[in-house]
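A look at the structure
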Amino acid sequence: MAAIEKNASGEGKPEPIIVKKYANRRLYNTATSSYVTLDYLSQMVKSGVDFVVKDAKSGDDITRSVLTQIIFEEEAKGQNLLPIDFLRKLIRMYGDSMQAFVPSYLEMSMDAFTKNRERMREQMSQTFGAAPGYRMFEEQVRQNTEMFDNAMRMFAPFAGAFGAAAKAEKPAGDNETDVLRQEIELLKRQLAEAQSAG
């Protein structure tokens, strides 16, 4: 397998690499003119290389289904990142009135998690030579767990304490869309406060 180069973080983002998927399930990297595997695409993602997967016959963008397949393969190998309870809650969101807000909120949550992870790495590198503080690691895990718990509570806004707080803080809206927007704004403020407190 050829080395995968990271995207340069300079001016302008490079165009994503086009990967074609054929009927025989083979994946063809048009940039290297070679067939690749799901593991190779997984390494591209980890290296920050952007790509788009297109069905070779129809030209349809099937990137989402291929990325989902990569996650499935990783989970099957025992790399369990997605807790069962989270998966159940996620499945329940399909067809829910809040479904449209799930992708952007999950993306925002993952961005916050990534920033916290980088901060934790910096703190550990500063204590290099001495045993890294277990309390610091434990506190970081607690904050991240709270953040994801709050994210999942957003999807049942009228249940429990979070629902009561949301009802108390949000002004009355003219329609359901206004109410949902206000709840999202409230959640964003609470997330920002949690990050600044951390």
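Located above this text is the structure these notes cover.
Here the residue index of a chain counts from 1 through its sequence in written order. Reporting of local features is limited, given that this is a predicted model, to residues whose pLDDT is at least 70; pairs of side-chain atoms are given and counted only at 80 or more, and all residues count toward the totals for whole chains, interfaces and linings. Side-chain numbers here rest on the full set of heavy atoms in the structure, without hydrogens or water.

This part is about the overall build of the protein. If you tally the helices and strands in the protein, you get 7 helices and 4 strands. Beginning at the N terminus, the succession of helices and strands in the protein can be written as β-β-β-α-β-α-α-α-α-α-α. Burial here depends on accessible area, computed with a 1.4 Å probe over protein chains only, as a share of the maximum for the residue type. Under 20% is buried, over 50% is exposed, and the range in between is partly exposed. Going through the 198 residues of the protein one by one, you find that 25% of them count as buried. Whether two residues touch is decided by their heavy atoms; if any such pair falls within 4.5 Å, the residues are in contact. Within the protein, contacts between residues separated by at least 24 positions form 53% of all contacts whose residues are at least 6 apart in sequence. Helical segments are the DSSP runs of H or I of at least four residues, strand segments are the runs of E of at least two, and each set is numbered from the N terminus.

Attention shifts here to the sheet that holds strand β1 (residues 17-21). Here the rule is simple: two strands pair whenever DSSP picks up at least two bridges between them. In spatial order, the strands read β3-β2-β1-β4; together these 4 strands make up an open sheet with mixed pairing. Every interior strand has two partners, whereas the edge strands, β3 (34-36) and β4 (51-55), have only one. With strand direction ignored, the average angle separating the axes of adjacent strands in the sheet is 35°. When strand β2 (residues 27-29) meets β3, the two strands line up antiparallel, connected through 3 bridges. Bridging across to β3, N29 finds its partner in S34. Where helices are involved, their axes are fitted lines through C-alpha atoms of the stretch in contact, as for all axes, and angles between N-to-C directions lie from 0 to 180°. Contacts from helix α2 (residues 63-76) reach β1 and β4, with the element oriented near 110° to β4.

Quick look at the nonpolar core now. Remark: nonpolar core denotes a set of buried residues (Ala, Val, Leu, Ile, Met, Phe, Trp, Tyr, Cys) joined through side-chain atoms within 4.5 Å. Counting residues in hydrophobic clusters, the biggest one holds 13 residues, and the most contacted among them are L27, L41, V53 and V66. Looking at which element gives the most residues to this core, the answer is helix α1 (residues 38-46), with 4 residues. When residues no more than four places from it in sequence are discounted, the contact partners of L41 are V19, L27, V36, F51, V53, V66 and I70. Grouped together as the second largest cluster of nonpolar side chains are 5 residues, M93, M98, V102 and I184 included.

The description of two aromatic rings rests on the distance between their centres and on the angle between their planes. Pairing of aromatic side chains requires ring centres within 6.5 Å, counting the rings of Phe and Tyr and the six-membered ring of Trp. Pairs whose planes differ by under 30 degrees are stacked, by over 60 edge-to-face, and all others tilted. All told, the structure shown has 1 aromatic pair when counted by the stated rule. Pairing Y28 with Y35 gives two aromatic rings, centres 5.1 Å apart and planes at 65°, and the pair type is edge-to-face. Owing to a relative accessible area of 22%, Y28 belongs among the partly exposed residues under this scheme. For Y35, a relative accessible area of 46% gives the class partly exposed. Geometrically, a charge over a ring is one whose NZ (Lys) or CZ (Arg) sits within 6 Å of the ring centre while staying within 35 degrees of the ring normal. The ring centre of Y35 lies 3.8 Å from the NZ or CZ of R26, which sits over that ring.

The subject of this paragraph is the pattern of salt bridges. Basic side-chain nitrogens of Lys or Arg form a salt bridge, by our definition, when they fall within 4 Å of a carboxyl oxygen of Asp or Glu. All chains considered together, the criterion is met by 3 salt bridges. Salt-bridge contacts for K77 lead to D39; the nearest nitrogen and oxygen are separated by 2.9 Å. With K77 in the loop between α2 and α3 (84-93) and D39 in helix α1, this residue pair connects regions lying 38 residues apart in the sequence. Its salt-bridge partner being E74, residue K77 comes within 4.0 Å of it at the nearest N-O pair. Given a relative accessible area of 18%, E74 falls into the buried group. The network of salt bridges with shared partners includes D39, E74 and K77.

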